[in-house]
Amino acid sequence: MSDTQPTVSPAARHFAALLQRLAPEDNPLVSNLGASLVDAGENGDVCLDLRQDAESETLLAILQQASVVGAPGEWKPLILDATGRLYLYRQWEAEHHLAAELIARGEGLRENIDTVVLSDGLQRLFPLRADGTPDEQAVAAATAILKNFSVITGGPGTGKTTTVVKVLALLIEQAKEPLRIALTAPTGKAAARLRESISRARAALPCAPEVREAIPVETATLHRLLGANASGTAFRYGAERQLRVDVVVLDEASMVNLSLMRQLVSALPRTAQLIILGDRDQLASVEAGEVLADLCGGGEVGRSAGFTALLAGLFGQGGRTQCSPMVSGLADAIVTLQQSRRFDAQGAIGTLCRLLNAGDGEAALRLLHSGDKSAIWSDLMDQAALTAAIVDEVDHWVADYLAAENPQESLRRFGNFMLLTALRQGPTGSISLNQRIEELLIRRQRIAGGKLWYAGRPVMITRNALGQDLFNGDIGLCLPDPAADGALRVFFTTAAGEARGLAPLTLPAHETAFAMTVHKSQGSEFDRVLLILPGQCSAILTRELLYTAVSRARDSLQIFGDAETFVEAAQERVVRSSGLREQLWG
């Protein structure tokens, strides 16, 4: 590493200056590395893995002599662990605390489980397959009930929410007193989708009416559950004041960063159950960490002998599953659902997801050229031709949601379609596409020109505003408000599934959203998706981004891109520096 100060952000420069003031005698490389740590966090890294540096021995020797650098457990601005990872203290503390809590919660089993009642309930809600064995959802449900901490991961349509509703019913059947259950997700739109899914699954549940009614449908964002302040920098609930809950269900966990997951775990009593749902193959959180992927440890590692025997007893002789004598209690808590109920096993979108997860871009490209109308490839064209190719479909979509009878129905119809981009900037970026689409819709007189606010304008919140219960990535529609004599309001779907209108001038930072980036689409699903990819490779263009984009589509997908770039992107994986996986799994 050069001792020349690299280009850094203002925050990183301020931190570097602080380190220099605290220890002017330290080698300048120390403050440079501190600045690099701050900027690395903005890119999703929790730490700097100095083992990857060509001059690692020199760097480690300098850091070990620096007065602002401490070993794990010391109160210093920078922490250097025994493996050569360098952390900001707060990131080291968050990672260390989270790992310790998850390991402790993952070990052991819940007490006072009536296994007879549980076995009967499992076989009622999850009938055995024809060969007498339980399906993967049944195993996931049993795991969630037997453990104080569990993770149910799987792709779209694998039944994560359906499974957890049945889990809640079985827990309620076990309880001697009413359970305090909290349902939460990282963003408002994810919380609203969780509420919708829970309500739908609950209505079809084959159980006693009193059990069904005891399953809550109200959801809250994770920030609201934890009592975050207006800036999201402090929380009412944590280790000193814990939540009064018995069960917490966290959905869309791939979007939760390290510090927020640490806050949630700290706020939960050890007696409370934490059930995490998410897709480990999706893009990780925008902020530092990839907690869900680290939690899942990179794949199935089997189950311990004791837990395998317990499952066998619950499901009968057919319930026996392969065990490993070296597996920890934490491994027993992780279950992967693989069978998608949304996508046909041989359907184009489901197959495309599997191929992209396997990194087989060439096979994915052949599928997109196969003639299946549910997944189509189109070669990328110049800006004018691309806009002309998509404007008719966008125009039809806007006309449809504008024709709805009320804002709630408009928001529902808005979810029928979405134009996704890999990038924010550039000719294929969301900013440029939104400008060109807006211009063409004005020419077609679909929307009013010459105004910032007009009926039909979709907006995306770009900064959390907890006081307004709005979060980065939330989508609203500007529409006439029937309750305010037609005055324009921006309507958002609440966690309760209702439409809430706000005056446009009261909104926090936002942008037009006829098109949005794949990152911003996480937690959403659309009937049809058009995906615009850049014509050249980019650091952001990865397997995870492609998989996340494709899995947003429920029914049909069309991709505009460069074939060679697409294949290369499918082979690129997101790599974030973190020590969490190693602490959890060794």
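Residues numbered from 1 in each chain as written. Predicted model: local features only at pLDDT ≥ 70, side-chain atom pairs only at ≥ 80, totals over all residues. Heavy atoms only, no water.

Peer 1: Whenever I open this one, the nonpolar core confuses me. Can you help?
Peer 2: Within soluble globular proteins, side chains that are nonpolar tend to cluster in buried spots. Trp 397, Leu 419, Ile 559 and Phe 566 are the most contacted members of the largest nonpolar core, which has 63 residues in total. If we ignore the near neighbours within four places in the chain, the residues touching Phe 566 are Leu 356, Gly 361, Ala 364, Leu 365, Leu 368, Trp 377, Leu 533, Leu 546 and Ile 559. By size, the runner-up hydrophobic cluster in this structure holds 42 residues, among which are Ala 138, Ile 181, Leu 205 and Leu 314. (Core = buried A, V, L, I, M, F, W, Y, C linked by side-chain atoms within 4.5 Å. Buried < 20%, exposed > 50% of the residue type's maximum accessible area, 1.4 Å probe, protein only. Contact = heavy atoms within 4.5 Å.)

Peer 1: What is the right way to look at the sheet that holds strand β3 (residues 78-80) in this model?
Peer 2: Strands in a sheet are paired, the pairing made by backbone hydrogen bonds, and the direction either parallel or antiparallel. Reading across from one edge, β1-β4-β3-β2 is the order of the 4 strands in this open sheet, with mixed pairing throughout. Each end of this open sheet is capped by a strand with a single partner; those strands are β1 (48-49) and β2 (69-70). The pairing of β2 with β3 spans 2 bridges and is classified as parallel. In the sheet register, Gly 70 faces β3, and the bridge partner there is Ile 79. Packed onto the sheet, helix α4 (residues 89-106) meets β3 and β4 (85-88) and runs at close to 105 degrees relative to β4. (Pairing = 2+ DSSP bridges. Helix = DSSP H or I, 4+ residues; strand = E, 2+ residues; numbered from the N terminus. Axes fitted to C-alpha atoms, helices over the stretch in contact; angles between N-to-C directions.)

Peer 1: Help me understand the environment of Ile 390 in this model?
Peer 2: Inspection of the secondary structure assignment puts Ile 390 in helix α17 (residues 383-402). A residue is classified by how much of its surface remains accessible, and Ile 390, at 0% relative accessible area, is buried. Sequence spacing of Ile 390 and Ile 437 is 47 residues, and the spatial spacing of their C-alpha atoms is 8.9 Å. In this structure, Ile 390 is in contact with Leu 419, Leu 433, Ile 437, Leu 530 and Phe 560, ignoring residues within four places of it in sequence.

Peer 1: Honestly, the domain arrangement of the chain in this entry has me stumped. Any pointers?
Peer 2: Note: interface size is frequently given as the accessible area lost on complex formation between the parts. Annotation of the chain at the domain level lists domain 1 (10-88), domain 2 (114-335) and domain 3 (348-571). Using C-alpha coordinates to define each centre, domain 2 is positioned 30 Å away from domain 3. Residue-level contacts link 28 residues of domain 2 with 28 residues of domain 3. Carbon and sulfur atoms make up 52% of the area that domain 2 and domain 3 hide from each other, which totals about 2200 Å². Counting the contacts that link domain 2 with domain 3 gives 1 salt bridge. The residue Arg 193 makes a salt bridge to Glu 525 at a minimum N-O spacing of 2.9 Å. Between domain 2 and domain 3 we count 4 residue pairs in polar contact (both at pLDDT 80 or more) in total. Those elements that place two or more of their residues in the side of domain 2 that touches domain 3 are α8 (188-203), β7 (219-221) and α10 (222-225). Ranked by the residues each element gives to the side of domain 2 that touches domain 3, the list is headed by α8, at 7 residues. Grouping the constituent residues of the side of domain 2 that touches domain 3 by class yields 9 nonpolar, 11 polar and 8 charged. (Domains from an automatic or database assignment. Buried area = accessible area lost by both parts, 1.4 Å probe. Salt bridge = Lys/Arg side-chain N within 4 Å of Asp/Glu carboxyl O. Polar contact = N/O pair within 3.5 Å; in protein donor to acceptor, adjacent residues only side chain to side chain. Nonpolar A, V, L, I, M, F, W, Y, C, P; charged D, E, K, R; others polar.)

Peer 1: Is there a simple way to think about the pattern of salt bridges in this case?
Peer 2: Here the idea is simple: oppositely charged side chains can pair when their charged atoms come close. The tally for this structure, following the rule as stated, stands at 23 salt bridges. For Arg 200, the salt bridge goes to Glu 196, with nearest N and O atoms at 3.5 Å. Here the residue Arg 200 and the residue Glu 196 both occupy positions in helix α8, the gap between them amounting to 4 residues, near one helical turn. A relative accessible area of 52% means that Arg 200 is categorised as exposed. The partner of Arg 554 in a salt bridge is Asp 527, and the shortest N-O contact between them spans 2.9 Å. With Arg 554 in strand β20 (residues 553-561) and Asp 527 in strand β19 (residues 526-532), this residue pair connects regions lying 27 residues apart in the sequence. Within the structure, one salt-bridge network assembled from shared partners comprises Arg 193, Glu 252, Glu 525, Asp 527 and Arg 554.

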